[in-house]
Amino acid sequence: MATVLSRALKLPGKKSPDLGEYDPLTQADSDESEDDLVINLQQKNGGVKNGKSPLGGAPEPDSDAEAAGPAKPHLSEVTTEGYPPEPLGGLEQKATSSLVSYVRTDLHSTWSHRLGSQGGGDLSPLELADVNGDGLRDVLLSFVASRNGSSAGDSRPAADLVCLSGMNGSTLWSSPLPEEAQDITCLDLMPGSRAEIICLVTGTRKMLSAFNATTGKAIWTLSPDSLSSGTLAAPAVVLPDLDEDGVRDLAVLAIGETQPDVCFLLVSGWTGSPVGRPVKYSIVRMGNLIGPQVYSTASGAVYILFGFGNVQAVALRDIFVQAQNRDSSPPSLQIEEPEWEKRRSINLSELIDIYSDGVELLQMVKTPDSNCSNLLITTRQGLVLLRGQNLTPYWTLSLPGLCSQPTPGYFTDDRTLDFLLQTQEGVGMKKMMVVDGDSGSIIWNYSTPCHMKETPTTSAVTSDRKSVFLFWAEGLSAAPPNSDAILGADPPSLYHLYLLHPTFPSILLDLANATGTVTASKVGINDLWKDAFYVTRTTGPGSEGHPTPVVVSKLSLRWALMESQMVQLKETTPKIGRGELRRFLSRIKFVDSPYQSVWKQFFGERETSQDGSLHFGRQLMELRGCMTRLAGAWTTFPIPVLR
């Protein structure tokens, strides 16, 4: 009985000769460290697809799986409202105890949920945060729903803020919004406290609201009268505590509807009320809006970066003094960065010129072993990395046609962040490439078919300080590289999720597929199981003249890796064996990003993870909560099946 349970549960244990099994009953006698013991999410009886085992090999000799099954998890499959069936990807249901169903759900957390039809709106905000304390990060999003009886002339449709369970995709809560949201950010505005996580929602016009992430109830809303002469140009940014009430404060950038002025408004994080009056600047609005972003230098000086087709900086001290109409500022805002201050114009203008050559995007890049960040600037002609300390170029890469934001991750071994890029390459083709963050040189590239104009890319960090990079493209054939069939294996309406691991740069792993348009994606970490999960937001396909459905899907990366198909980009010597690759993949463990969020530079020691959720004291709570649930499940075996 114990042996049957150990194999059914697939809990951590010592690896048996069969790659697909672990025996937890032998773990106590094992001399391996905990990090060497991994949870194999490959289900022996459910890992065969179309007569082939994952990664393109033959079925295991002792496998009793059916000969046919779905070839890949399809992320737009829709579950019924409530709890989903077994995870996608061909895992068969077994007539065993409900405990197996519970643990499978807990480990895999793979589901797809249709929210309804989208009635308009062009934005796709997506956020991850554990709102119910179950140890799994939940999914928050906003969309403009299609409603019967809505006014045909209404050009500003209302929207919904929705929170889905990270466990199964069921709706935890939903709150109406007066306008479409452009951004959702979950954070803790009270450093050092055990306060509830706040969900900060920025609208496309005048809405700025803070919601209790657990209940979905609004805590405060900025009065629209505070923005009477303009609309919100970008998401709110988080500042240090300016009014000394123990809560971090905010800043929003508003633009005039009929005049070229832009203004900053400081907002209390505690009440949502303005902290002083708006501070106006007259600038030429040509090009893409950049920022605003908060930057803290190594010496502690705080600046806000923004611009239109360029990058300018204004000291937070200057905004605060004008907003309060006084000559003094708190000591924390009186610090200056000499190298930055030298760039003020000859008339000592409050605006500092940073970069002014066709800027499209701005990112902050954490430098290794430093509390300072560099500035990665995407222009119409390529990339420029500026040193944050003195704003001089570190390297420049000429790369016309760059069509998305660079995705940071670790491809090389030098502990410097590298970048995954995608550029347009003719009609229906794009080139994926990795740029070395230390030199600016291209160290990996491959051309793929893709008719979607822009697809989201992301990365996840592993315990050995490497990153896996994920991107979408049309189907690549698993045929040998010398075959003519490697490109365009599927119709353009079907897109595949591919994973690149720097240890095997000559192959891609085909993890899943989806129809419609992937509009947003995020990766979160399950600290307890050392797993990563990939969440996507997809729209369509829909019939002409009808609203398109909105589908949210979640995929466990460790499970998907073991279910993946290998696409070989070129021949290597020696060849990469299926067994070697499977053994490598089975040992991958995902961790929170080791490079620090820039928030920590002035928010204290409560560091945030890459997806924005706090993970110090909370990590211990997650561990305790999950182990308590599992222990309770074992002592009351069997438990009811989740409904």
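Residues numbered from 1 in each chain as written. Predicted model: local features only at pLDDT ≥ 70, side-chain atom pairs only at ≥ 80, totals over all residues. Heavy atoms only, no water.

Identification of the chain as FAM234A/B beta-propeller domain-containing protein from Heterocephalus glaber is taken from an unreviewed UniProt entry. Here is the UniProt Sequence similarities (unreviewed entry) comment for the chain, exactly as written: "Belongs to the FAM234 family." Here is the UniProt Subcellular location (unreviewed entry) comment for the chain, exactly as written: "Membrane". (UniProt positions renumbered as here; feature names shortened; annotations may be inferred.)

Participant: Tell me about the sheet that holds strand S8 (residues 181-187), and please be specific about residues and values.
Facilitator: Read across the open sheet, the 4 strands follow the order S8-S9-S10-S11; overall the sheet is antiparallel. A strand with exactly one partner marks an edge of an open sheet, and here the two such strands are S8 and strand S11 (218-221). With direction set aside, neighbouring strand axes in the sheet form an average angle of 20 degrees. Across 6 bridges, the pairing between S8 and strand S9 (residues 198-203) is antiparallel. From the neighbouring strand, isoleucine 184 faces S9, where its bridge partner is valine 201. (Pairing = 2+ DSSP bridges. Helix = DSSP H or I, 4+ residues; strand = E, 2+ residues; numbered from the N terminus. Axes fitted to C-alpha atoms, helices over the stretch in contact; angles between N-to-C directions.)

Participant: Before we move on, can you summarise the pairing of strand S29 (residues 458-462) with the specific residues and values?
Facilitator: Strand residues, when the strand is regular, have side chains that alternate between the two faces of the sheet. Buried residues dominate S29, accounting for 5 of its 5 residues. The alternating pattern of S29 places Thr458, Ala460 and Thr462 and Ser459 and Val461 on opposite faces, both of which are buried. Bridging between S29 and strand S30 (residues 467-474) involves 4 bridges; their strand directions are antiparallel. Across the sheet, residue serine 459 finds its bridge partner in S30, namely phenylalanine 469. In this antiparallel pair of consecutive strands, S29 and S30, the connection spans 4 residues, and arginine 465 shows a positive phi of 60 degrees. In the sheet, S29 pairs with strand S37 (residues 590-591) via 2 bridges, with the strands oriented antiparallel. Residue valine 461 lies in a different strand from S37, and its bridge partner there is valine 591. (Buried < 20%, exposed > 50% of the residue type's maximum accessible area, 1.4 Å probe, protein only.)

Participant: Account for the packing of aromatic side chains, with residues named and values stated.
Facilitator: Using the criterion set out here, one finds 8 aromatic pairs in the structure. Centre to centre, the rings of tyrosine 303 and tryptophan 340 are 4.9 Å apart; their planes meet at 25 degrees, and the pair counts as stacked. Linking tyrosine 303 in strand S18 (residues 302-308) with tryptophan 340 in helix H4 (residues 338-341), this pair joins segments that are 37 residues apart in sequence. Classification of tyrosine 303 as buried rests on a relative accessible area of 0%. Judged by centre distance (6.4 Å) and plane angle (40 degrees), the ring pair of tryptophan 472 and tyrosine 534 falls under tilted. (Phe/Tyr/Trp six-rings, centres within 6.5 Å; stacked < 30°, edge-to-face > 60°.)

Participant: Describe in detail the nonpolar core, supporting the description with residues and values.
Facilitator: Leu470, Leu509, Leu511, Leu557, Leu561, Leu581 and Phe590 are the most contacted members of the largest nonpolar core, which has 32 residues in total. Listing elements by their share of this core, those giving two or more residues are S30, strand S31 (494-500), strand S32 (507-515), strand S33 (517-526), strand S34 (531-539), helix H5 (557-563) and helix H6 (578-586). Excluding residues within four positions of it along the chain, phenylalanine 590 makes contact with Ala460, Val461, Thr462, Val468, Ile525, Lys530, Asp531, Ala532, Leu557, Arg558 and Leu561. Membership of the second largest hydrophobic core comes to 26 residues, among which are Ala233, Phe306, Val314 and Ile319. (Core = buried A, V, L, I, M, F, W, Y, C linked by side-chain atoms within 4.5 Å. Contact = heavy atoms within 4.5 Å.)

Participant: I'd like to hear about unusual backbone geometry, residue by residue, with values.
Facilitator: With an omega dihedral of 0 degrees, the bond running from glycine 291 to proline 292 counts as a cis peptide bond. The linkage connecting threonine 573 with the following residue, proline 574, adopts the cis geometry, with an omega of -5 degrees. Among the secondary structure elements, proline 574 is positioned in the loop between strand S36 (565-568) and H6. The backbone phi angle of asparagine 325 is positive, close to 55 degrees, even though this residue is not glycine. Tracing the chain through its elements places asparagine 325 in the loop between helix H3 (316-324) and H4. According to the relative accessible area criterion, asparagine 325 is exposed, its value standing at 58%. Not every positive phi belongs to a glycine, and lysine 530 is a case in point at roughly 55 degrees. Along the chain, the position of lysine 530 falls in the loop between S33 and S34. When its relative accessible area of 19% is taken as the criterion, lysine 530 is described as buried.

Participant: Explain the sheet that holds strand S26 (residues 418-424) to me, and be specific about the residues and the numbers.
Facilitator: With respect to topology, 4 strands assemble into an open sheet ordered S25-S26-S27-S28, the strand pairing being antiparallel. Of all the strands in the sheet, the pair left with one neighbour each is strand S25 (407-409) and strand S28 (442-449). With direction set aside, neighbouring strand axes in the sheet form an average angle of 20 degrees. Judged from the 7 bridges that link them, strand S27 (residues 429-435) and S28 form a sheet pairing that is antiparallel. The residue of S28 that forms the bridge with valine 435 is isoleucine 442.

Participant: Please give an account of the side chain of threonine 416 that cites residues and values.
Facilitator: Tracing the sequence through the fold places threonine 416 in the loop between S25 and S26. The class of threonine 416 is buried, set by a relative accessible area of 16%. If we ignore the near neighbours within four places in the chain, the residues touching threonine 416 are Pro368, Tyr410, Gly437 and Asp438.

Participant: Outline the pattern of salt bridges, listing residues and values.
Facilitator: Summed over all chains, the structure comprises 11 salt bridges. A salt bridge links glutamate 360 to arginine 380; the nearest nitrogen and oxygen atoms lie 3.7 Å apart. Here glutamate 360 is found in strand S21 (residues 359-366), whereas its partner arginine 380 is found in the loop between strand S22 (373-379) and strand S23 (382-386), with 20 residues between them in sequence. On the accessibility criterion, glutamate 360 (25% relative accessible area) is partly exposed. (Salt bridge = Lys/Arg side-chain N within 4 Å of Asp/Glu carboxyl O.)

Participant: Lay out H3 in plain terms, naming residues and giving numbers.
Facilitator: Burial analysis of H3 places 7 of its 9 residues in the buried class, the great majority of the element. Those residues of H3 that are buried lie in contact with strand S15 (261-267), strand S16 (279-282), S18, strand S19 (311-315) and H4. Backbone geometry just after H3 places asparagine 325 at a positive phi near 55 degrees.

Participant: Describe in detail the environment of arginine 344, supporting the description with residues and values.
Facilitator: Its place among the elements puts arginine 344 in the loop between H4 and strand S20 (351-355). Look at arginine 344 and you get buried, because its relative accessible area is 15%. C-alpha separation for the pair arginine 344 and alanine 313, spaced 31 residues apart in sequence, amounts to 9.4 Å. Beyond its immediate sequence surroundings of up to four residues, arginine 344 is in contact with Ala315, Arg317, Asp318, Ser349, Glu350, Leu351 and Ile352. Of note is the side chain of arginine 344, whose polar atom sits 3.2 Å from the side chain of aspartate 318. (Polar contact = N/O pair within 3.5 Å; in protein donor to acceptor, adjacent residues only side chain to side chain.)

Participant: Requested: an account of the confidence of the model for the chain, with residues and values cited.
Facilitator: Detailed reading of the predicted coordinates is not advisable wherever pLDDT falls low. Per-residue confidence for the chain gives a mean pLDDT of 76; residues scoring 70 or more make up 69%. Summarising per-element confidence for the chain, the mean pLDDT is lowest in helix H1 (residues 2-9) (33) and highest in strand S10 (residues 208-212) (97). Overall, residues 56-70 carries pLDDT values under 50, and its contacts beyond four positions in sequence, including any with other chains, amount to 26 contacts. Segment residues 78-105 is flagged for pLDDT under 50; beyond a separation of four residues in sequence, or across chains, it makes 68 contacts in the model. (pLDDT = per-residue confidence, 0-100.)

Participant: Describe the state of the cysteines, listing the residues and the values that go with them.
Facilitator: Tallied over the full model, the rule gives 0 disulfides. Unpaired in this structure, cysteine 186 has its nearest cysteine sulfur neighbour in cysteine 199, at a distance of 4.0 Å. Residue cysteine 199 is classed as buried on the basis of its relative accessible area, which comes to 0%. (Disulfide = S-S within 2.5 Å.)

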